[in-house]
Amino acid sequence: MSQARLMQGNEACAEGAMAAGVNFFGGYPITPSTEIAEIMAKELPALGGTFIQMEDEIAGIAVVLGAALGGRKALTATSGPGFSLKQELIGYGCIAEIPLVIANVQRMGPATGQPTSPAQGDVMQARWGTHGDHPMIALSPWTVREAFDVAVMAVNYAERFRTPVIILLDEVVGHMREKVVLPKAEDIEIYPRRKPNCTKEEGYKPYTPMADLVPNPADFGTGHRIHVTGLVHDETGFPTGSSKITENTIKRLHEKISRVQDEITHYDEFFMEDAEYAVLAYGGTARTAYAAVKIARQQGIKVGMVRLMTIWPFADKVVKEVAQKVKKILVPEMNYGQLVLEVERAAAGQATVISLPKYNTEIFTPKEICTAIEELTAEVVK
Amino acid sequence: MRSYEKYFRMNRLPHIWCPGCGNGIVMKSIAKAAEQLGLDQDNTVIVSGIGCSSRASGYMNFDTLHTAHGRAIPFATGIKLANPKLKVIVITGDGDCTAIGGNHFIHGARRNIDLTVILFNNNIYGMTGGQASPLTPTGKKATTAPFGSVDTAFDPCELAKAAGASYIARGTAFHAKPLVELIAQGISNNGFSLVEAITQCPISYGRRNKMGDAAGMLKWMSENAVPLAAYEKLAEDQKDEKFPIGILYQKTAPEYSAEYAKVIKLAQEGK
Ligand SMILES: Cc1ncc(C[n+]2csc(CCOP(=O)(O)OP(=O)(O)O)c2C)c(N)n1
Ligand code: SF4
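Attention here is on the structure that accompanies the text. Keep in mind that this is a model prediction, so the values were computed, not measured. (Residues numbered from 1 in each chain as written. Chains lettered and ligands numbered in written order. Predicted model: local features only at pLDDT ≥ 70, side-chain atom pairs only at ≥ 80, totals over all residues. Heavy atoms only, no water.)

## Considerations on the overall build of chain A
- Each helix and strand in chain A was counted, giving 12 helices and 16 strands.
- Its C-alpha atoms give chain A a radius of gyration of 21 Å, within 12% of the compact-globule value 21 Å for 382 residues.
- For chain A, the spread of C-alpha atoms along the three principal axes comes to 70 × 45 × 40 Å.
- Relative to all contacts within chain A whose residues are 6 or more apart in sequence, the contacts with residues 24 or more apart total 77%.
- As presented, chain A carries roughly 14300 Å² of accessible surface, and 52% of it is formed by carbon and sulfur atoms.
- Averaging the locations of the 38 positively and 46 negatively charged side chains of chain A gives two centres separated by 3 Å. (Helix = DSSP H or I, 4+ residues; strand = E, 2+ residues; numbered from the N terminus. Rg over C-alpha atoms; globule rule 2.2 N^0.38 Å. Contact = heavy atoms within 4.5 Å. Areas by Shrake-Rupley, 256 points an atom, 1.4 Å probe, with all protein chains shown as cover. Lys, Arg positive; Asp, Glu negative; His and termini not counted. Charge placed at Lys NZ, Arg CZ, Asp CG, Glu CD.)

This is how it looks when you write it as structure tokens:
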């Protein structure tokens, strides 16, 4: 495993998931995510795992939720149109607290859009796609190697917090090939499936939260005879009409993630020590942004870069600190302007936030971002 | 305590169904079938969709899963494939199974995966207050078909047969004893089994279609349900509202989770 290999982002994502213990895949093919399904179909049986191609995306996530309840670590993969179809059941996973990973290799939309073209248009869908209130974890890699790492992390977070976790790839990273050296199996930390902390006789309640606010529902077939529902339920797992319990449940779902928000916010900073300007980017766009920032530095512009890997929960603290330091933050994205709204919110007026959207099926060129950086400095600062 | 009661979560009863609703009869038939088969409660999972009938999962003393509207079969497929030693029983309503879940229903049957689907057919959407279902007969009234349904109803048994199910039976809430037997045989079948249980919803269907109260609806079942062999001998003009009950179809066919186990073996030996 420790040898260098030429591999694709989608392939690294699939391999990372398997390395983290995923042994179940259910899904429905859609470009540009299909390689993930194909690799799973080929690799899982030899590992004693299971692949099933379902009749549609809804079935694809339902089968994976069922498998997770049956004790498996499970993954589904899709792209925008399929991601939309899965939304109701992503919410189901949130409230029923079922560990699950969804890889969304974004493509241009809306609707069938431009099927094979890169985009980052599902950033807000990843956060707000479902109905109702719940937190979301979404991670977006910028290199092939990181697609592997992010997949491992996504599986671990899903198990640790018992919640759906989204791997937000874009076509650039998903289809790009890079030379990578993967970590050795023994160096990969795996979060095990949570287990009941007491017996049925001792009064086991599957949805009693532990100290970390996460409950330990038993896997089906382990003798606990639990009930799982998408209705608001009390600690026994059975539905309740109580407004108090409803309020506490929604609050707990949020807090189990918000309390670890800083711990699970992963990002890089480049050239930020003396920066007067910053570029904030993620996914495939961050690669171009990095090249552009280096060029701008050579021109003597004091510009740095923040690269977000964790998209949700949003890196509020990071952005706030950056905003206090720099005059302006440029946010290039392959969409009409989505994450920039969060940057603006977190910056809270401390720095000027400028959107650099692109949505014409083409990826950014370093020159485009360079020009935008130059414009930052040219404008008169009030 | 009656012997089948161990299959109920007695502390969760009484149920929420309306007085006269047939869902309790069908649920009890499932418990009695479980008793007859001596089903291991720790290795049986009951999965339901959303609807009045789908509330039954919460009352039954197994690992139970109340999913989303229409999605019980794919959830159940995941559970079965995750742990093929589990017996998986699906409880679903006519709307749940054949409208929103119609695609999953035919594909579950196509895979012949070992699930037993108990379709509580009350010909209406009970939970949402009496809207038309794909199993509302043409001409019958519903809140969304105030002049009588224009749509043609499915025959879910024929549909399942065409799609590949290996055991298909129909019973009624009136014929409660034979229903237990039909369910037990369905659970014993190694493959996709459909048991359509005709049940009464006096509140949302019976009243609106002038079938009387629960007793009137059960009487209608007793008069119109005909054992398959006798049904086949009826002349077309004698059939009218009549429908066949009993085991309607059976075959042996490869079961999905067993077939996939072969794939695993093949892949592992190939290594
Ligand atoms: C996606 C979605 N659409 C609609 C509903 C609303 N809904 C709940 S139950 C139901 C129909 C239930 O009818 P049926 O399956 O026949 O079951 P019954 O209540 O008659 O037992 C509908 C439409 C829902 N819960 N989810
Ligand atoms: S509405 Fe109909 S199906 Fe629902 S509980 Fe009442 S009688 Fe039963």
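## Thoughts on the interface of chain B and chain A
- Counting residues at the interface gives 39 residues for chain B and 43 residues for chain A.
- Between chain B and chain A, the buried area comes to about 3200 Å², and carbon and sulfur atoms account for 58% of it.
- Considering only the side of chain B, the residues that lose the most area to chain A are B:Asp63, B:Phe75 and B:Tyr260, jointly responsible for 17% of the buried surface there.
- Applying the counting rule to chain B against chain A returns two salt bridges.
- As a salt-bridge pair, A:Glu55 and B:Arg111 come within 2.6 Å of each other at their nearest N and O atoms.
- In this assembly, chain B and chain A are joined by 19 residue pairs in polar contact (both at pLDDT 80 or more).
- For the side of chain B that touches chain A, the elements supplying multiple residues, two or more each, are strand E2 (63–66), helix H2 (72–82), helix H4 (102–111) and helix H11 (256–269) of chain B.
- In terms of residue class, the side of chain B that touches chain A is made up of 15 nonpolar, 15 polar and nine charged. (Buried area = accessible area lost by both parts, 1.4 Å probe. Salt bridge = Lys/Arg side-chain N within 4 Å of Asp/Glu carboxyl O. Polar contact = N/O pair within 3.5 Å; in protein donor to acceptor, adjacent residues only side chain to side chain. Nonpolar A, V, L, I, M, F, W, Y, C, P; charged D, E, K, R; others polar.)

## Considering the sheet that holds strand E1 (residues 44–48) of chain B
- Pairing within the open sheet is mixed, and its nine strands lie in the order E10(A)-E2(B)-E1(B)-E3(B)-E4(B)-E6(B)-E5(B)-E8(B)-E7(B). Each having just a single partner strand, strand E10 (227–229) of chain A together with strand E7 (225–227) of chain B make up the two edges of the open sheet. On average, each strand axis in the sheet is inclined to that of its neighbour by 20°, with strand direction left out of account.
- Examined bridge by bridge, strand E5 (residues 167–172) of chain B and strand E8 (residues 243–250) of chain B share four bridges and lie antiparallel to one another. Residue pairing in the sheet places B:Arg170 in a bridge with B:Gly246 of E8(B).
- Along the sheet, helix H6 (residues 176–188) of chain B contacts strand E3 (87–93), strand E4 (116–121), E5, strand E6 (193–198) and E8 of chain B; its crossing angle with E5(B), the most-contacted strand, is approximately 160°. (Pairing = 2+ DSSP bridges. Axes fitted to C-alpha atoms, helices over the stretch in contact; angles between N-to-C directions.)

## Quick word on the layout of surface pockets
Residues and elements named next belong to chain B.
- The volume enclosed by the largest pocket comes to roughly 550 Å³.
- Taken together, 26 residues form the lining of the largest pocket, with Phe 154, Asp 155, Arg 170, Glu 196 and Phe 243 sitting closest to its centre.
- Counting residues per element, the ones that place at least two in the lining of the largest pocket are helix H5 (156–163), E5, E6, helix H9 (228–233) and E8.
- Here the lining of the largest pocket is built from residues that sort into 17 nonpolar, two polar and seven charged. (1 Å grid on protein atoms, 1.4 Å probe; cavity = no way out; pocket = protein on both sides within 12 Å on 5 of 7 lines; lining within 4 Å. Points joined across faces, edges and corners; volume = space filled by probe spheres on them.)

## Focus on empty space enclosed by the protein
Residues and elements named next belong to chain B.
- Inspection of every chain in the model, using the stated rule, returns three cavities of 30 Å³ or more.
- Here the largest cavity is characterised by a volume of approximately 50 Å³.
- Surrounding the largest cavity, Asn 122, Asn 123, Ile 198, Thr 199, Gln 200, Tyr 205, Met 211, Met 217, Trp 220 and Met 221 form its lining.
- A per-element tally of the lining of the largest cavity places helix H8 (residues 214–224) first, with three residues.
- In terms of residue class, the lining of the largest cavity is built from six nonpolar, four polar and no charged.

## Notes on the site of ligand 1
- The local shell around ligand 1 holds 17 residues, among which B:Cys52, B:Ser53, B:Asp96, B:Asn122 and B:Gly126 are the closest.
- Nearby residues around ligand 1 are contributed by chains A and B.
- Interatomic distance of 2.8 Å between a backbone N/O atom of B:Gly126 and an oxygen atom of ligand 1.
- The fraction of the free accessible surface of ligand 1 (590 Å²) that becomes covered by protein chains is 77%.
- Per element, the largest residue contribution to the shell around ligand 1 is four residues, and it comes from helix H3 (residues 94–100) of chain B.
- Looking at the shell around ligand 1 residue by residue, the classes come out as six nonpolar, eight polar and three charged. (Near = heavy atom within 4 Å.)

## Let's talk about the pairing of strand E5 (residues 100–108) of chain A
Residues and elements named next belong to chain A.
- Here E5 lies mainly inside the structure; nine of its nine residues are buried.
- One ladder, built from four bridges, connects strand E4 (residues 74–78) with E5; its direction is parallel. Pairing of Ala 77 across the sheet is with Ala 103, part of E5.
- In the classification by handedness, the crossover that spans E4, the intervening helix H4 (residues 80–96) and the parallel E5 is right-handed.
- As paired strands, E5 and strand E8 (residues 164–170) are joined by seven bridges and run parallel to one another. Each bridged residue has a counterpart across the sheet, and for Val 105 the counterpart in E8 is Leu 169.
- Here E5 runs beside strand E6 (residues 114–118); their pairing, made up of two bridges, is antiparallel. Looking at the pairing, Met 108 lines up with Gln 114 of E6.
- Between E5 and the antiparallel strand that follows it, E6, lie five residues; Ala 111 among them carries a positive phi value of about 55°. (Buried < 20%, exposed > 50% of the residue type's maximum accessible area, 1.4 Å probe, protein only. Right-handed = clockwise from strand over helix to strand, strands pointing away.)

## As for the packing of helix H10 (residues 316–325) of chain A against helix H11 (residues 339–347) of chain A
Residues and elements named next belong to chain A.
- Running from amino to carboxyl end, H10 crosses H11 at an angle of 65°, the nearest separation of the two axes being 8 Å. Comparing their axes, H11 and H10 come out roughly perpendicular. Of the two possible hands of crossing, H10 and H11 adopt the one that is right-handed. Across the interface between the two elements, Asp 316, Val 319, Lys 320 and Ala 323 from H10 touch Val 343, Arg 345, Ala 346 and Ala 347 from H11.
- Of the residues assigned to the contact of H10 with H11, the class counts are five nonpolar, no polar and three charged. (Parallel < 35°, antiparallel > 145°, perpendicular 65-115°, else oblique. Left-handed = near helix turned anticlockwise from the far one by under 90°.)

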